[in-house]
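Single-letter residue listing:
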Amino acid sequence: MRQLCKGNVAVIKGAILAGCRAYYGYPITPASEIAESAALMLPQVGGTFLQAESEVAAINMVYGASAAGVRVMSGSSGPGLSLMQEGISYLAGAELPCVIVDVMRGGPGLGNIAPEQGDYFAMVKGGGHGNYRNIVVAPASVQEMAELTMLAFELADKYRNPAVVLCDGFVAQMVEAVELEDREAVAPDKPWAVKGTAATRKNLITSIYLESDELEAHQRHMEAKYARAQREEPRHELYQARDADVLLVGYGIVSRVLRSAVEKARQEGLRAGLFRPITLWPFPEKALVAAAARAKKVLVVELSNGQMLEDVRLALDGRVTVEFYSRVGGNVPTTEEVHARFATRAQAAA
Amino acid sequence: MAISPFVEIDATQKLDPFKGVKKIPLEEYFTSGHRTCQGCESALVMKMMVKAAGPRTIVLGSTGCMYVANTTYYSTSWVVPWMHTQLGSSGSAGLGAAAALKAQMRKGKMKKEPINVIAFCGDGGGADMGLGAISASLTHPDYNFLILLYDNESYANTDIQLSGSTPYGAHTTFSPPGKMKRIMHHRWKKNTAGMLAAGHPECKYVSTICMSYGLLGMNCIRKALAIGGPTFVHSLDPCPKGWDYDPYISHELGELAVTTGIWPLYEVENHTLRLLGKTREIADKRYVRQPVRDYLMKQGRFAHFTKDDIDYFQSKVDEMWQKWLIPGVIPMMKDLEGDAPPAE
């Protein structure tokens, strides 16, 4: 069904189609509409919305529901995600699947409520303690806010791990047409869950392993899981990248700006292309190396101070010049601004 | 209650009660430059709170309307030193500031003088997220500070979501009334002041105020600051945006909250309870409680209430006055029959 929808609302529509039946959250701008939509829509499908008294409570309520075998999610913005970090580490350690939406706003501290991408490190590198990874997907449109939320549920269950939908305040707040299939996903059976039934009586959900060998074995098991995700799950999108001399790299709302910058450059005869990571962890390293194979220059654009830039540089490993441009504090670069960063110099070189 | 000989409390400022509105100083310490809504009672609380405290005061505020509306876009309405704290940390930050001032004075790095420390929080930051921090800070008898909770009964800063302080049945963005279910919020408001007064033996002053009774409210704040140690004041603030009414009647709604018996005014000073103002008159039967309908039906957030809902609300308020062990304060009911002394 085609409909006009706000990014934050699309998250809940996608979640319901993914079989999510529990949402626990706490209000925060610019993510509040996710919880508001959950409060409105989840009861209509027999689900549960509960308001937590803080994000610390919200993530632990998510822990509870996930342990009980329910598809569950929470959503917040940077300050709330900071509070959730211990809980996320526990979820990862106890191998509990859940989906967390981070609508990134300006930071650090209270910052402001305008779009930024400054939570990249916290979400992609794992802001909590210990050896764990979050699966991170990065939507760039309202359509993807719904679709990638659905994907996040699938990946969370597949790997029994928290999955994060990492979006900027821009994508969360904008309104676009979305097309949603009226078909609901079936959540997989979770024989490991604690349900109080005879079948699950012996199940144990924990993240404590006091004996060092035991904890090492647990971590090796998690590493193997992450290695599998790194092989199977990286996702990306290319736009005019096949013959690009200049490869632009950006995610979320930035990728939309970069797409326009590519078009503008192409009109001027400059071969520019776009590489957009859809999964930020696992980062689509191989695809990036392939896309940048014939590029003379890579330009990374972020709404943060060089966070994804590190992953791009690690992936390309000095094969090609990597330049960087960013706007922060809630500013989003214009097409002209980005275009000016690469077009004039590239044309001068040619 | 006796104080342990190991507790060292520094002197506080001498803040005698204002004896009438004409005795209130004219000087303002919360002035122009804020962007609160028309009819915002919380802004009035800030203004009168700091006027009651005087110029030698540090104010800390956790995230909420009174932070965002008063200290953003390169401007502030605070004339006294002011700092922001995390949403749930007014208690911890207030304690930290008071303890640091005391240490600086003890070491001779600051002139020894009584400085008021006030940490304020909204109902979201205080009654929900920050309750643990407030509770912990009230157990520290050595430091002088006041925690003021301005309660507009919702997360007003993020566009009116439910909080633990939201009254039964109110329409918020987390509790939208609908055809299938009329009352989405069916929990009774948290009794924050009563809980903190009952549960913190080291806290010498807890009170509830409403700035529709301004002089009384200011004098409670002065008493809380002068008594020494950690103290707590809970203020009920009508909010035109969240409660959905004409800003013109903000003050009247505050009065109605008290005269209907929904918001009892009291203080617990050195563990002695005193009902205040109109609440005392109600308890003494010198004033008849007004029906809650008069209060509820003036607010859009209760517009979906049917007669049954109003009756239920009234019955809960009646229960509070007729059955609670201490009306309006302690929500425990006395088991009269089981209360007989055991037989010899």
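That block above? That's the structure.
Summarised in this report is the structure supplied together with it. If you're wondering where the values come from, they're calculated on a predicted model, not measured in any experiment.

A few words now on the overall build of chain B. From N to C terminus, chain B includes twelve helices and ten strands. The C-alpha radius of gyration of chain B comes to 20 Å, within 12% of the 20 Å expected for a compact globule of 344 residues. Relative to its full complement of 344 residues, chain B shows a buried share of 55%. At a minimum sequence separation of 6, the contacts of chain B that also span at least 24 residues come to 72%. By element, 56% of the accessible surface of chain B is carried by carbon and sulfur atoms, the whole surface being about 15,500 Å². Mean positive and mean negative side-chain charge positions of chain B (37 and 33 charges, respectively) differ by 5 Å.

Before going further, it helps to spend a moment on the sheet that holds strand E3 (residues 48-51) of chain A. The strands making up a sheet associate through backbone hydrogen bonding, with each pair oriented either parallel or antiparallel. Residue and element names in this part refer to chain A. If you trace the seven strands from one edge of the open sheet to the other, you get E3-E2-E4-E5-E7-E6-E12, paired in mixed fashion. If you trace the sheet from one side to the other, it starts and ends with E3 and strand E12 (279-281), each paired once. Each adjacent strand pair in this sheet contributes to an overall mean axis angle of 20°, direction not counted. As defined by bridge partners, strand E6 (residues 135-137) adjoins strand E7 (residues 162-168) across three bridges and the pair is classed as parallel. Each residue of the ladder has a partner; that of Ile135, found in E7, is Ala163. Together, strand E4 (72-77), strand E5 (98-104) and E7 form the strand contacts of helix H4 (residues 78-93), whose direction differs from that of E4 by roughly 145°.

Glancing now at the environment of Lys286 of chain A. Here Lys286 of chain A shows up in helix H10 (residues 285-291). For the pair Lys286 of chain A and Ala315 of chain A, spaced 29 residues apart in the sequence, the C-alpha separation amounts to 7.5 Å.

One pair of aromatic rings is described through two measures. These are the centre distance and the angle between the planes. Residues and elements named next belong to chain B. Within this structure, the stated rule accounts for 20 aromatic pairs over all chains. Considering the side-chain rings of Phe120 and Tyr150, the 5.7 Å spacing of their centres and the 65° angle between planes classify their relative orientation as edge-to-face. Taken together, the residues span a long stretch of sequence, with Phe120 in strand E3 (residues 116-122) and Tyr150 in strand E4 (residues 145-151) at a distance of 30 residues. The exposure classification of Phe120 matches that of Tyr150, with both residues buried. Ring pairs connect the aromatic residues Phe30, Tyr67, Trp78, Trp82, Phe120 and Tyr150, which therefore count as one cluster. In this structure, Arg301 packs its charged tip against the face of Trp243, placed 4.0 Å from the ring centre. One residue, Lys316, lies across the ring of Trp188, its end atom 5.4 Å from the ring centre.

For the rest of this paragraph, the subject is the nonpolar core. Core analysis: the biggest nonpolar cluster contains 124 residues, and Met73, Val298, Val312 and Phe342 of chain A have the highest contact counts within it. It is helix H6 (residues 142-159) of chain A that contributes the most residues to this core, ten residues altogether. Summarising the domain contributions, this core has at least three residues from each of domain 1 (2-232) and domain 2 (236-349) of chain A. In this structure Met73 of chain A touches Val11, Ile12, Ala15, Cys20, Ala22, Tyr23, Tyr24, Val62, Val99, Val101, Thr149 and Phe153 of chain A, once residues within four positions along its chain are discounted. Membership of the second largest hydrophobic core comes to 66 residues, among which are Met46, Tyr168, Ile209 and Ile262 of chain B.

Another aspect to go through is the interface of chain B and chain A. Often the size quoted for an interface is simply the accessible area lost on bringing the parts together. Listed as interface residues are 18 residues of chain B and, on the opposing side, 17 residues of chain A. Roughly 1,300 Å² of surface becomes buried between chain B and chain A when both sides are summed, with 68% attributable to carbon and sulfur atoms. Interface area lost by chain B to chain A is led by Met129, Thr158 and Phe174 of chain B, which between them contribute 44%. For the pair chain B and chain A, the number of links is zero salt bridges. Put simply, chain B and chain A have five residue pairs in polar contact (both at pLDDT 80 or more) between them. A per-element tally of the side of chain B that touches chain A places helix H4 (residues 123-129) of chain B first, with three residues. Looking at the side of chain B that touches chain A residue by residue, the classes come out as eight nonpolar, eight polar and two charged.

Criteria and cut-off values
- Residues numbered from 1 in each chain as written.
- Chains lettered and ligands numbered in written order.
- Predicted model: local features only at pLDDT ≥ 70, side-chain atom pairs only at ≥ 80, totals over all residues.
- Heavy atoms only, no water.
- Helix = DSSP H or I, 4+ residues; strand = E, 2+ residues; numbered from the N terminus.
- Rg over C-alpha atoms; globule rule 2.2 N^0.38 Å.
- Buried < 20%, exposed > 50% of the residue type's maximum accessible area, 1.4 Å probe, protein only.
- Contact = heavy atoms within 4.5 Å.
- Areas by Shrake-Rupley, 256 points an atom, 1.4 Å probe, with all protein chains shown as cover.
- Lys, Arg positive; Asp, Glu negative; His and termini not counted.
- Charge placed at Lys NZ, Arg CZ, Asp CG, Glu CD.
- Pairing = 2+ DSSP bridges.
- Axes fitted to C-alpha atoms, helices over the stretch in contact; angles between N-to-C directions.
- Phe/Tyr/Trp six-rings, centres within 6.5 Å; stacked < 30°, edge-to-face > 60°.
- Lys NZ or Arg CZ within 6 Å of the ring centre and 35° of its normal.
- Core = buried A, V, L, I, M, F, W, Y, C linked by side-chain atoms within 4.5 Å.
- Domains from an automatic or database assignment.
- Buried area = accessible area lost by both parts, 1.4 Å probe.
- Salt bridge = Lys/Arg side-chain N within 4 Å of Asp/Glu carboxyl O.
- Polar contact = N/O pair within 3.5 Å; in protein donor to acceptor, adjacent residues only side chain to side chain.
- Nonpolar A, V, L, I, M, F, W, Y, C, P; charged D, E, K, R; others polar.

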